[in-house]
Amino acid sequence: MPGLEGPLDYSKEPPRHPCLQINAKEPFNAEPPRSLLVSSYVTPVDLFYKRNHGPIPIVEDLERYCFSISGLIKNPKKLFMKDIWMLPKYNVTATLQCAGNRRTAMSKTRKVKGVGWDVSALGNAVWGGAKLADVLELVGIPNLTSTTQSGGKHVEFVSVDKCKEENGGPYKASIPLSQATNPDADVLLAYEMNGETLNRDHGYPLRVVVPGIIGARSVKWIDSINIIAEECQGFFMQKDYKMFPPSVDWDNINWASRRPQMDFPVQSVICSLEDVNAIKPGKVDIASNVQPEKVEDIWNLRGILNTSWHRVQVRVGHSNM
Ligand code: MTE
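This write-up is about the structure you can find in this document.

**Topic: the site of the ligand**
Near the ligand there are 20 residues, and of these His53, Asp161, His202, Arg207 and Lys220 occur at the shortest range. Between an oxygen atom of the ligand and a main-chain N or O atom of Arg51, the distance comes to 2.9 Å. At a separation of 2.6 Å, an oxygen atom of the ligand approaches a polar side-chain atom of His53. Calculation on the ligand without its partners gives an accessible area of 530 Å², and the protein chains cover 100% of this total.

Given below as structure tokens:
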């Protein structure tokens with residue numbers, strides 16, 4: 001598409017925060033130190049993890065930038081940024097997390113394939129943009145559609161970045177049409193992050209944000225949107241995560257991760273001045289998935305979805321109360 005280009009090399013990468021821990025240089029993959037990640041509820045843009053599969057695309061001319069919506073629909077269209085800005089703007093606070101987060105912990109069990117992420121390939125941001133449901137209405141797909149008349153059941157997002165893992169082809173991913181056309185699912189075509197224009201690393205000028213599932217679906221630097229019959233065959237395992245159960249109460253989902261606060265009866269340990277304890281989590285999500293205890297039980301070659309208990313050592317010390 002005009003106005004947006006995917007470079008072949010890494011000579012025009014954007015500047016990055018010096019505190020980021022770099023897990024791969026080209027393509028650039030980096031995460032913040034854990035202490036900085038947890039120091040704020042909304043993650044600052046420059047400290048937000050950066051997950052790329054190729055060189056960062058360049059916007060040559062924002063006025064010329066447009067993307068197409070086509071495929072199994074009657075009225076394909078090209079849309080410009082002005083068409084998106086005209087739609088109602090929504091701010092959605094949502095967590096984005098890479099499926100490879102905590103891969104290094106999984107690789108301790110047995111070697112795995114992929115970028116070695118520690119624990120901070122996630123962040124909370126306030127994403128600003130148009131709802132995908134509203135954008136799809138512009139091409140004649142009403143809200144809450146599961147199948148178009150021509151048999152479209154999924155929405156594929158295609159970018160312009162030239163990805164190593166795709167032999168130089170673009171990054172792509174898809175979500176079900178029923179989710180894309182559900183206004184309460186809050187899927188956005190975002191042009192802002194934390195109130196600022198999207199940063200180049202994070203998808204400028206336009207990216208998808210799909211709250212509630214792995215970050216891989218939140219395609220950056222949108223070039224085209226296709227309505228297709230089957231899930232897109234990108235390089236991300238399509239079936240290896242659970243979608244929301246059919247009965248999900250969309251209205252009451254909170255898309256952002258929280259910083260849990262807990263009270264502990266620490267009086268006894270304070271008496272002994274010093275103790276080291278382990279806090280163990282054990283959560284159940286809205287699809288009734290129970291957090292597995294041991295990483296060994298969920299090991300996989302790609303090292304993804306390490307949702308096992310993350311044990312944190314805490315030191316309870318003496319305070320001069
Ligand atoms: N979109 C494009 N075009 N290219 C990519 O490499 N990476 C995906 C997704 N969207 C990617 C992409 C993955 S795996 C993740 S986890 C998120 O973007 C990361 O988004 P971020 O870099 O803004 O944190």
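**Details of the sheet that holds strand S6 (residues 66-71)**
With mixed pairing, five strands are arranged side by side in an open sheet as S7-S6-S15-S10-S11. Of all strands in the sheet, those with a lone pairing partner are strand S7 (77-80) and strand S11 (172-176), marking the two edges. Each strand axis lies, on average, 20° off the axis of its neighbour in the sheet, ignoring direction. Of the pairings in the sheet, the one linking S6 to S7 comprises four bridges and is antiparallel in character. Bridge pairing links Cys66 to Phe80 in S7.

**Regarding the sheet that holds strand S4 (residues 50-51)**
Pairing between the strands of a sheet comes from backbone hydrogen bonds, and it takes one of two forms, parallel or antiparallel. Spatially, three strands are ordered S2-S3-S4 in an open sheet, and the strand pairing comes out antiparallel. Each having just a single partner strand, strand S2 (21-24) and S4 make up the two edges of the open sheet. As judged from the two bridges shared by strand S3 (residues 29-31) and S4, these two strands associate in the antiparallel manner. By the bridge assignment for S4, Asn29 is matched with Arg51.

**What about the packing of aromatic side chains?**
Given two aromatic rings, one states the distance between the centres and the angle between the planes to describe the pair. By the definition in use, this model includes four aromatic pairs. Taken together, a centroid distance of 5.8 Å and an interplanar angle of 85° make the contact between Phe48 and Trp127 edge-to-face. Highlighted residues: Phe48 in the loop between helix H1 (34-37) and S4 and Trp127 in strand S9 (residues 122-131), separated in sequence by 79 residues. By relative accessible area, Phe48 is classed as buried at 1%. Trp127 gets classed as buried once you look at its relative accessible area, which sits at 0%. Considering the side-chain rings of Tyr49 and Trp117, the 6.1 Å spacing of their centres and the 85° angle between planes classify their relative orientation as edge-to-face. Taken as a pair, Tyr49 in the loop between H1 and S4 and Trp117 in the loop between helix H3 (103-107) and S9 lie far apart in primary sequence, 68 residues in all. Across this residue pair, the class does not change: Tyr49 and Trp117 are buried. An aromatic cluster is present here, built from Phe48, Tyr49, Trp117 and Trp127 joined pairwise through their rings. The residue whose ring lies beneath Arg110 is Trp299, and the NZ or CZ to ring-centre distance is 3.9 Å.

Parameters and conventions
Residues numbered from 1 in each chain as written. Predicted model: local features only at pLDDT ≥ 70, side-chain atom pairs only at ≥ 80, totals over all residues. Heavy atoms only, no water. Near = heavy atom within 4 Å. Polar contact = N/O pair within 3.5 Å; in protein donor to acceptor, adjacent residues only side chain to side chain. Areas by Shrake-Rupley, 256 points an atom, 1.4 Å probe, with all protein chains shown as cover. Pairing = 2+ DSSP bridges. Helix = DSSP H or I, 4+ residues; strand = E, 2+ residues; numbered from the N terminus. Axes fitted to C-alpha atoms, helices over the stretch in contact; angles between N-to-C directions. Phe/Tyr/Trp six-rings, centres within 6.5 Å; stacked < 30°, edge-to-face > 60°. Buried < 20%, exposed > 50% of the residue type's maximum accessible area, 1.4 Å probe, protein only. Lys NZ or Arg CZ within 6 Å of the ring centre and 35° of its normal.

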